[in-house]
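# Remarks on the overall topology
Single-letter residue listing:
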Amino acid sequence: DTLCRGVDLRGNYQAPSNVPTRLELSWLMDAVNQAKGQPSFFTPFFNSLAGNSTLRRQLEAGMSERTIRASWQEGLDAYRELRKKYLMYTDFD
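Residues numbered from 1 in each chain as written. Predicted model: local features only at pLDDT ≥ 70, side-chain atom pairs only at ≥ 80, totals over all residues. Heavy atoms only, no water.

## Quick look at the packing of aromatic side chains
Keep this limit in mind: Stacked, tilted and edge-to-face pairs are distinguished by plane angle, under 30 degrees for stacked and over 60 for edge-to-face with tilted covering the rest, among Phe, Tyr and Trp rings (Trp via its six-membered ring) whose centres lie within 6.5 Å. Using a 1.4 Å probe on the protein chains alone, a residue whose accessible area is under 20% of its type maximum counts as buried, one over 50% counts as exposed, and one in between counts as partly exposed.
Within the structure shown, the criterion is met by 2 aromatic pairs. A ring pair is formed by Phe41 and Phe42, whose centres lie 5.0 Å apart and whose planes are at 85°; its orientation type is edge-to-face. What makes Phe42 buried here is its relative accessible area of 18%. Aromatic side chains Phe42 and Phe46 sit 4.9 Å apart centroid to centroid with 85° between the ring planes, which places their arrangement in the edge-to-face category. The buried category is assigned to Phe46, whose relative accessible area is 13%. Taken together, the ring pairs in this structure connect Phe41, Phe42 and Phe46 into an aromatic cluster.

## Examining the confidence of the model for the chain
Segments scoring low in pLDDT should not have their predicted coordinates read at a detailed level. Our working definition: A residue's pLDDT is the confidence the predictor assigns to it, expressed on a 0 to 100 scale. Helix and strand labels come from DSSP, where a helix needs a run of H or I of at least four residues and a strand needs a run of E of at least two; each type is numbered from the N terminus.
Per-residue confidence for the chain gives a mean pLDDT of 87; residues scoring 70 or more make up 99%. Here helix α1 (residues 25–34) stands out as the element of the chain with the lowest mean pLDDT, 90, in contrast to helix α4 (residues 65–83), whose mean of 95 is the highest.

## Remarks on the environment of Glu65
The condition is simple: Any pair of residues with heavy atoms lying within 4.5 Å of one another is described as a contacting pair.
Structurally, Glu65 can be placed in helix α4. In this structure, the C-alpha to C-alpha distance between Glu65 and Leu25, residues 40 residues apart in sequence, is 6.8 Å. If sequence neighbours within four positions are ignored, Glu65 has contacts with Arg22, Leu25, Ser26 and Met29.

## Details of the pattern of salt bridges
Which entries qualify depends on this criterion: In the sections that follow, a salt bridge refers to a side-chain nitrogen of Lys or Arg positioned within 4 Å of a carboxyl oxygen of Asp or Glu.
Taken as a whole and judged by the stated rule, the model has 4 salt bridges. Linking Arg69 and Glu65 is a salt bridge whose minimum nitrogen-to-oxygen distance equals 3.1 Å. A residue pair is termed a helical-turn pair when its members lie 3 or 4 positions apart in one helix, as Arg69 and Glu65 do in helix α4 at 4 residues.

## Here we look at α1
The cut-off we apply is this: Starting at the helix axis, one direction is taken to each C-beta atom, and the arc is that of these directions.
Within α1 the residues assigned to the buried category are Leu25, Met29 and Val32. Buried residues of α1, viewed axially, fall in a sector of 60°; they line one side. The inward-facing, buried residues of α1 abut α3 (54–60) and α4.

This is the structure:
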C-alpha cells in the first residue's frame, strides 16, 4: 500500500541506435521535481554516485540542464587533454 513513482524506460530504447550516449539528466531532474518536499530523495549515497555534492546542489537550486552540463565542460576538457597521451588510436571526438 505504498505509492511508488517511476518511469518505465523499457520501451524507449528498443533499437541499439536509440540508446542514449550521455546521461539523461532530464530523467533525474523529473524525479527530483516529483519528489519535492521528500527529504529522503537525496540520500548520502547520491553524492557518492555523483562524485561529490555539486550535482545535488545544482538540482536543489533548480538549475537548467544546459547550465548543469556547462558546469561539467571545464573538467571534461581537462580529462580529454590528459587522456590524449594514453590513446593508442585516433580519438573519436
